[in-house]
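# Structural characterization, general
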Amino acid sequence: MSGSALPTLSELLRTFRIRAGLTQAALAEKAGLSEQAISVLERGTRSRPRIDTVRSLTAALALTSTEADQFLSVARGKLGTPRTPPKEPAADQLPTPWQLPPAAPDFTGRAAQVEAILSVLRDSTGDGAAVVGLVTVTGMGGIGKTTLAVHAAHKLTESYPDGHLYLNLRGYGPGEPMTPADAQRHLLRSLGSDIASIPEDVEEAAALLRSRLAGRRVLMLLDNAADVAQVLPLLPGHAGSGAIITSRGSLAGLPGARQILLDALSESESVDLLAGVIGPNRVAAEPEATQVLASYSGRLPLAIRLVGGRLATRPSWPIQHFVDLLQDEERRLDSLGSDETGVRASIASSVHFLETSERGLDRQAADALPLLSVPDGSDITTAVSAALLKIPLRRADAIVERLVDLNLLESVAPARYRFHDLIRAYGREVADRTLSTAERDEALARVLELYTEAAWICHAFTHPTSPRLPLATVGVSGLLPAFSGRDDVVHWLDAEQRNLMDRVRQARQTGLANHPLFAELPLAFFSYHESRVRWQEMRELGSGAVAVALRNERPATAAWLQHDSAIPDAETGATGSAIDSIRIALRMFSGIHDPFGQARCCSSLAYLLGLEGQLDDALAYGRLALSLSRTIQDATLEGVALTAVGALYDRTGDFDRADEAFAEGIGLAEQAKDTRAVFKRCLNAALAHVQVGRNEDAVRMALRALDTVQRAGDATFLGESHHLLAVIYAAQGDFTSATAHVRSGLVVSRAARDVLREGRLCMELARINAARGDREAAAEQLNAAMTLLRNAPEVYIAAARDLLEKLHRGEIDTYQFARYSL
């Protein structure tokens, strides 16, 4: 350090460290600093450390008074060749801003998000750093964006020794958003610029701001940004500085930024946050009430803190009391803060941003929010949105995507969206205020019409000659996807089942209760419910539908609904009830002189009475069905009747006549090129054969059914074919072949997303394993089946439980053919 040249800070530090016999790591530990901090000082990357860093190093290096003064002077930049002072303050004279708000003492969770921010911004000046570190944190109002950003920024103080800048850009209130020019003036003044020297031109001010930050290590926290355009003129231009930007809107267009989208807290994080506000003892005393409270708060940090604050000031209140207050959705937002700091105000400010925008799309999105919040259901598709708003699909897509940009909707899959519970509650408040009851009911009716349209499309694919199709009144909306086939529309309806049932239950509580849609909807859904074996939904959707059809003077619809109401009973073992329903339907069809309907009821009665062992009566109805169908010359109906009498002849031991009836029925379907009918009639013949011990004939017909669907490429019926073959082979004791067909059925059922078939195949495999003596495998398969069948008709769950109990008691040692296997 001798000679005319003055030592640099890095030279001084290295000399003192080597003299003390310390490595960088050892010095860092002794001074209570990071090894990284020592490294950047010795490399000269950082030339003006904080004063507390200098003091820590002075003590750790045991410097003399003279050495300490020299080290401090060099560190503060007070040695060197004098220069002509610039108009702006010299770098060593610039203030060091420390503007971060205090970190929340009860900050909870978000570990992955914190680490993501730190990983981008922690080392902004290392040898590999070449760009400004940028992180955006976006999410709905009250989700905890600012709290997270402030928490992470406080962890970065050592990486940014030249200061932290904080600025609320007021993108979503309160008040008007800050202009870029105002924001630049605020930041430049914080960095020491005289107000008179700040250019009015935004681009010139941006250049000055970048110059002020050049060579410095400053972290910006730009809070509550409106959009990318507001942020871009405020960002540093050189590596070393970084920025965290929060916004309710999307900032995906910000180049080079790490995007973090905040979701609601998890249940455990929500409970932990509440415990931090009101104390762990109260939470521990009422754990169930606490979980419900977190749920009613939408697991939204703002809402949880507001709830916690009220409880903290009311120590005598049980948590359950607050839960009771929040149960009423219409009053929920009142309990979550009624002033400008409350949840309602937070959501309203986002909506106000859209309402006051110059863009027409934004104003349309604000107007759409109340209508979109009307229907119940877990999520909402673009098609349903278009129906609610009475607009073309493309415009609806633009509107919902704009709401996603503002985090007023969440995109959960392509063309599928979801409201946060509290935003839905806000939207419904606005809907109740601004829309009449009739307008809300009409919106729900449009949604039900859309589902009815989709169901009729499915019906036309699966039952192209169905007598129900001419009864359709719902037209083509142009809002549904262009379905390529039966599987395509079935999968769409699968995805909408929960929403459909929620919205049907909701509509029944409105002025729509007697709307004709409540008759047409279950009629249209007949084919979907049958193909997916959704007997519970068929029963619920059809409840009261006959009366609605009669009140709306639709007797043919009423008669078919009466007939179809027997199907869930017949398929779940309530045969007597099903017979009663069909007899009523037969009288209804007779009353309107509908021979087709009469013939169909006779075929159904032939099948059901046969199940009850009333074979003479069953055959009488079967022959009547044949006579009626031949009189009206309907080949489809004749084939159904032939299949019914064929099964009855099998039961009476008249196998020749049975085979003749089955062959004639299958032949009619082949002449009509009706692949589905060919398959069904082969399948029913095989099932009839196996029930009377005609196993070889059963295998032959089942293989024919399998070949039919393989050539047609129908995945749903393919699984059914493998299932029947498994039953037949197992009944013969050929467990190897039976197991192979179960496994093939499982493969195609999973590919077709047919959870019900998958669960029933697991039950079949359990029966086979039990008969083989492998009880452990059988129990495993039954448990898997009960998981898969949790939403299935009770008959299947009950059968699985019964099998499991028998298995535990050791009562199963042979294969047991199940009446409801298929």
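Just so we're clear, the structure is a prediction, and the values are computed from it rather than from any experiment.

## A short note on the pattern of salt bridges
All told, the structure shown has 36 salt bridges when counted by the stated rule. Asp 654 serves as the salt-bridge partner of Arg 657, at 3.8 Å between the closest nitrogen and oxygen. You can call Asp 654 partly exposed: its relative accessible area is 27%. Between Asp 659 and Arg 694 there is a salt bridge, with its nearest N and O atoms 2.9 Å apart. Residue Asp 659 is located in helix H34 (residues 655–671), and its partner Arg 694 is located in the loop between helix H35 (675–691) and helix H36 (695–712); the two are separated by 35 residues in the primary sequence.

## Section: the packing of aromatic side chains
Tallied over the full model, the rule gives 8 aromatic pairs. Ring geometry for Phe 679 and Phe 717: centres 4.8 Å apart, planes at 25°, overall stacked. Linking Phe 679 in helix H35 with Phe 717 in helix H37 (residues 715–731), this pair joins segments that are 38 residues apart in sequence. Here Phe 717 falls in the buried class, since its relative accessible area comes to 7%. Here the aromatic cluster, defined as three or more aromatic residues joined through ring pairs, consists of Tyr 451, Phe 483 and Trp 492.

## Considerations on the state of the cysteines
For the structure shown, the criterion picks out 0 disulfides. The cysteine Cys 602 is free of any disulfide, with Cys 601 supplying the nearest cysteine sulfur at 7.0 Å. On the basis of relative accessibility, which here comes to 1%, the residue Cys 602 falls in the buried class.

## Some thoughts on the sheet that holds strand S4 (residues 242–247)
Strand order across the open sheet formed by 5 strands is S2-S3-S4-S1-S5, with parallel pairing between neighbours. Of all the strands in the sheet, the pair left with one neighbour each is strand S2 (164–168) and strand S5 (258–261). Across the sheet, the mean angle separating the axes of adjacent strands is 15° when strand polarity is ignored. Bridge count for S2 against strand S3 (residues 219–223) is 5 bridges, and the pairing is parallel.

## A short note on the confidence of the model for the chain
Mean pLDDT for the chain: 86, with 92% of residues reaching 70 or above. Low pLDDT (under 50) marks residues 79–87, which in the prediction has 5 contacts with non-local residues, meaning those over four places away or in another chain.

## Comments concerning helix H19 (residues 382–389)
Where burial is concerned, most of H19 is hidden: 8 out of the 8 residues are buried. Of the positions making up H19, those classed as buried are Thr 382, Ala 383, Val 384, Ser 385, Ala 386, Ala 387, Leu 388 and Leu 389. Among the structural elements, helix H18 (360–372), strand S6 (380–381), helix H20 (393–405), strand S8 (416–418), helix H22 (437–462) and helix H23 (486–507) are those in contact with the buried residues of H19. Following H19 by one or two positions, Lys 390 adopts a phi angle in the positive range, close to 60°.

## Focus on the packing of H23 against helix H26 (residues 535–542)
Contact pair H23 / H26: the axes reach a minimum separation of 11 Å and the direction vectors enclose 25°. In terms of orientation, H23 and H26 fall into the roughly parallel class. For the element pair H23 and H26, the recorded crossing hand is left-handed. Taking contact as the criterion, the partners of Gln 497, Met 501, Val 504 and Arg 505 in H23 are, on H26, Glu 537, Glu 540 and Leu 541.

## Looking at the side chain of Thr 739
You can see Thr 739 is positioned in helix H38 (residues 735–751). Residue Thr 739 is classed as buried on the basis of its relative accessible area of 9%. At a separation of 3.4 Å, a polar atom in the side chain of Thr 739 contacts the side chain of Arg 772. In contact with Thr 739, not counting residues within four places along its chain, are Leu 765, Ile 768 and Arg 772.

## Examining the nonpolar core
By size, the foremost hydrophobic cluster in this structure holds 198 residues, and its most contacted members are Ile 117, Ile 244, Leu 372, Tyr 451 and Phe 525. Sorting elements by how many residues they give to this core places H22 first, with 11 residues. Beyond its immediate chain neighbours, meaning those up to four positions away, Tyr 451 contacts Val 384, Trp 492, Glu 496, Asn 499, Leu 500, Arg 503, Leu 521 and Phe 525.

## Considering the environment of Ala 800
Note on placement: Ala 800 falls in helix H41 (residues 794–809). You can call Ala 800 buried: its relative accessible area is 0%. Once the C-alpha coordinates of Ala 800 and Leu 746 are considered, the two residues, 54 residues apart in sequence, prove to be 17 Å apart. Residues contacting Ala 800, with those up to four places away along its chain left out, are Met 763, Leu 782 and Met 786.

About the thresholds
Residues numbered from 1 in each chain as written. Predicted model: local features only at pLDDT ≥ 70, side-chain atom pairs only at ≥ 80, totals over all residues. Heavy atoms only, no water. Salt bridge = Lys/Arg side-chain N within 4 Å of Asp/Glu carboxyl O. Buried < 20%, exposed > 50% of the residue type's maximum accessible area, 1.4 Å probe, protein only. Helix = DSSP H or I, 4+ residues; strand = E, 2+ residues; numbered from the N terminus. Phe/Tyr/Trp six-rings, centres within 6.5 Å; stacked < 30°, edge-to-face > 60°. Disulfide = S-S within 2.5 Å. Pairing = 2+ DSSP bridges. Axes fitted to C-alpha atoms, helices over the stretch in contact; angles between N-to-C directions. pLDDT = per-residue confidence, 0-100. Contact = heavy atoms within 4.5 Å. Parallel < 35°, antiparallel > 145°, perpendicular 65-115°, else oblique. Left-handed = near helix turned anticlockwise from the far one by under 90°. Polar contact = N/O pair within 3.5 Å; in protein donor to acceptor, adjacent residues only side chain to side chain. Core = buried A, V, L, I, M, F, W, Y, C linked by side-chain atoms within 4.5 Å.

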